[in-house]
Amino acid sequence: MKDPDKRAVVIIPHKDDPVRLDRCLAALMPTLPDEVAVAVVDNGSEGDIADMLSRYPGVDLLHEPLAGAANARNRGVVETDAPLLLFLDADCLPDANWAETALTVADQGDLVTGEVYVFHETEGMHSGAQAFEQVFAFDFRTYVARDGFAGTGNLVTTRKVFNKVGPFRAGMSEDKDWCLRATALGFKLTYVHELRVGHPSRKDWPALSRKWRRMTEEARELHRANGKSNAAWILRALAMPVSVLIHAPRVLRASGLTGIEKVRAMMTLARIRLARMVWMLHR
């Protein structure tokens, strides 16, 4: 999809999550500026999403056969030509006027990110996984200030920057890797709170453990790619139980959780950190 009249393109990787993709587009499209294109890059879904996308005129469907959101995002960049790249994930819920806000704040940095808040897709008492995610899932302000990266579920950059940094690398923490490569080249990463998207919490332990096992494997590959030692990885693994004590006060201070939900969050915190230690040592 080449359109020289478009100032920006929203690139959305997707695989087997049509309900959330539909919700994402329903929030994005009503206030989409005319100068912004949208490309959904399907990454080998089992079902056909063409009929659903037909309800959103102007949304282009691209395909990337190589597995991984990194490859899908790269395909979205290659198949478009707008100078401004707006990365959004299919399961995210952009705030009203998200694309317009992205255009407004794009000149505040070479890479611009914003808030990613957690919302729940179920009513009533929240599970331990949901309560844990509410406390720990996303803190992009800290990621930017302390760690120098942001997630690609809410990221604005330019094609010029992307071409200099190079494509996302699949099989590792691709968003962290890409941002660190960008900042190493001297590009500025900025956090702007007004650029907001929501992300659904994982509803149970199987969903949460799948997320963290994948993230552990990707972190290991990034650790290797950066030339860090096995000893450093092992020490990081052995520190996992200690991190439970360090982060427990965050659960106790968390607003919006009942006492029972805080207990569940604490139990999940301990469970996930111990599981990560085992996974890390196994790797």
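Above this text you will find the structure in question.
Residues numbered from 1 in each chain as written. Predicted model: local features only at pLDDT ≥ 70, side-chain atom pairs only at ≥ 80, totals over all residues. Heavy atoms only, no water.

Chemist: Where do I start with the overall build of the protein chain in this structure?
Modeler: Summing up its helical and strand segments, the protein chain has twelve helices and ten strands in all. For the protein chain, the C-alpha radius of gyration of 19 Å lies close to 19 Å, the compact-globule estimate for 283 residues. In terms of principal-axis extent, the alpha carbons of the protein chain reach across some 55 × 45 × 35 Å. Counting every position in the protein chain, which comprises 283 residues, the buried fraction comes to 51%. Taking the intrachain contacts of the protein chain between residues at least 6 apart in sequence as the baseline, contacts between residues at least 24 apart amount to 77%. Looking at the protein chain as shown, the accessible area adds up to about 13,300 Å², and 54% of this sits on carbon and sulfur atoms. Side chains of the protein chain give 37 positive and 36 negative charges; the mean places of these two sets differ by 10 Å. (Helix = DSSP H or I, 4+ residues; strand = E, 2+ residues; numbered from the N terminus. Rg over C-alpha atoms; globule rule 2.2 N^0.38 Å. Buried < 20%, exposed > 50% of the residue type's maximum accessible area, 1.4 Å probe, protein only. Contact = heavy atoms within 4.5 Å. Areas by Shrake-Rupley, 256 points an atom, 1.4 Å probe, with all protein chains shown as cover. Lys, Arg positive; Asp, Glu negative; His and termini not counted. Charge placed at Lys NZ, Arg CZ, Asp CG, Glu CD.)

Chemist: Help me understand the side chain of Asp89 in this model?
Modeler: In this structure, Asp89 sits in the loop between strand 4 (84-88) and strand 5 (93-94). Within the structure, Asp89 has its side chain in polar contact with the side chain of Arg73 (distance 2.9 Å). With residues near it in sequence (within four places) discarded, Asp89 still touches Ile12, Pro13, Cys24, Arg73, Thr152 and Gly153. (Polar contact = N/O pair within 3.5 Å; in protein donor to acceptor, adjacent residues only side chain to side chain.)

Chemist: Explain the packing of helix 5 (residues 128-136) against helix 12 (residues 259-282) to me, please; I cannot follow it from the model alone.
Modeler: When two helices pack together, their arrangement is given by the angle between the helix axes and by the axis-to-axis distance. It is at 8 Å that the axes of helix 5 and helix 12 come closest, and there the two elements cross at 85 degrees. Classified by the angle their axes make, helix 5 and helix 12 are roughly perpendicular. Seen from helix 5, the contacting residues are Gly128, Ala129, Ala131, Phe132 and Phe136; seen from helix 12, they are Glu261, Arg264, Ala265, Thr268, Leu269, Ile272 and Arg273. A breakdown of the residues in the contact of helix 5 with helix 12 according to their chemical character gives seven nonpolar, two polar and three charged. (Axes fitted to C-alpha atoms, helices over the stretch in contact; angles between N-to-C directions. Parallel < 35°, antiparallel > 145°, perpendicular 65-115°, else oblique. Nonpolar A, V, L, I, M, F, W, Y, C, P; charged D, E, K, R; others polar.)

Chemist: Whenever I open this one, the sheet that holds strand 2 (residues 36-42) confuses me. Can you help?
Modeler: As a general point, the strands of a sheet are linked pairwise by backbone hydrogen bonds and lie either parallel or antiparallel. With mixed pairing, the seven strands of this open sheet are ordered in space as 3-2-1-4-8-6-9. Single-partner strands in this sheet number two, and they are strand 3 (59-63) and strand 9 (189-191). For this sheet, the mean angle separating the axes of adjacent strands, direction not counted, is 25 degrees. Where strand 1 (residues 8-14) lies against strand 2, seven bridges are found, and the strand directions are parallel. For Ala8, the partnering residue across the bridge sits in strand 2 and is Val36. Lying over the sheet, helix 3 (residues 69-78) contacts strand 1, strand 2, strand 3 and strand 4, oriented at roughly 150 degrees with respect to strand 1. Relative to the sheet, helix 4 (residues 98-105) contacts strand 1, strand 2, strand 4, strand 6 (111-113) and strand 8 (154-158), its axis offset from that of strand 4 by approximately 135 degrees. (Pairing = 2+ DSSP bridges.)

Chemist: Would you take a moment to explain the layout of surface pockets for this structure?
Modeler: In this approach, a probe sized like a water molecule rolls over the atoms, and the result shows the empty space that is left. By volume, the second largest pocket amounts to about 220 Å³. Of the residues forming the lining of the second largest pocket, the biggest block, four residues, is contributed by helix 5. When the residues that make up the lining of the second largest pocket are grouped by side-chain class, the tally is nine nonpolar, three polar and five charged. (1 Å grid on protein atoms, 1.4 Å probe; cavity = no way out; pocket = protein on both sides within 12 Å on 5 of 7 lines; lining within 4 Å. Points joined across faces, edges and corners; volume = space filled by probe spheres on them.)

Chemist: Hey, could you run me through the packing of helix 9 (residues 205-225) against helix 10 (residues 230-238) in this one?
Modeler: Running from amino to carboxyl end, helix 9 crosses helix 10 at an angle of 150 degrees, the nearest separation of the two axes being 11 Å. In terms of orientation, helix 9 lies roughly antiparallel with respect to helix 10. The handedness of the crossing between helix 9 and helix 10 comes out as right-handed. From helix 9, Thr216, Ala219, Arg220 and His223 reach across to helix 10, where they touch Asn230, Ala232, Trp233 and Arg236. Taken together, the residues that form the contact of helix 9 with helix 10 break down as three nonpolar, three polar and two charged. (Left-handed = near helix turned anticlockwise from the far one by under 90°.)

Chemist: When you look at unusual backbone geometry in this model, what are you seeing that I'm missing?
Modeler: Backbone geometry follows two general trends: most residues other than glycine have a negative phi, and most peptide bonds adopt the trans configuration. Positive phi, close to 55 degrees, is recorded for Asp16, a residue that is not glycine. Looking at the element boundaries, Asp16 is found in the loop between strand 1 and helix 1 (18-28). By relative accessible area, which is 39% here, Asp16 ends up partly exposed. The phi dihedral of Asn97 falls on the positive side, at around 65 degrees, and the residue is not glycine.

Chemist: Explanation requested: the nonpolar core in the structure shown.
Modeler: Burial of nonpolar side chains together is a common tendency in soluble globular proteins. The biggest cluster of nonpolar side chains holds 63 residues, and the ones touching the most others in it are Ile12, Leu25, Leu28 and Trp178. Dropping the residues within four chain positions of it, Leu25 is found in contact with Ile12, Pro30, Val38, Met52, Leu53, Tyr56 and Val59. Membership of the second largest hydrophobic core comes to 16 residues, among which are Leu208, Val251, Ala265 and Ile272. (Core = buried A, V, L, I, M, F, W, Y, C linked by side-chain atoms within 4.5 Å.)

Chemist: So what exactly am I meant to see when it comes to the sheet that holds strand 7 (residues 116-119) here?
Modeler: What the three strands build is an open sheet, ordered 5-10-7; its pairing is mixed. Since the sheet does not close on itself, it has two edges, and those belong to strand 5 and strand 7, each with one partner.

Chemist: Where do I start with a nonpolar patch on the surface in this structure?
Modeler: Taken together, Ile234, Leu235, Leu238 and Leu281 make up a surface patch of nonpolar side chains, about 380 Å² in accessible area. Top contributing element to the nonpolar patch by residue count: helix 10, with three residues. Tracing the backbone through its elements, the reader meets Leu235 in helix 10. Take Leu235: its relative accessible area is 60%, and that puts it in the exposed class. (Patch = residues over 30% accessible without salt bridge, like charges linked within 9 Å, V, L, I, M, F, W, Y side chains within 5 Å. Salt bridge = Lys/Arg side-chain N within 4 Å of Asp/Glu carboxyl O.)

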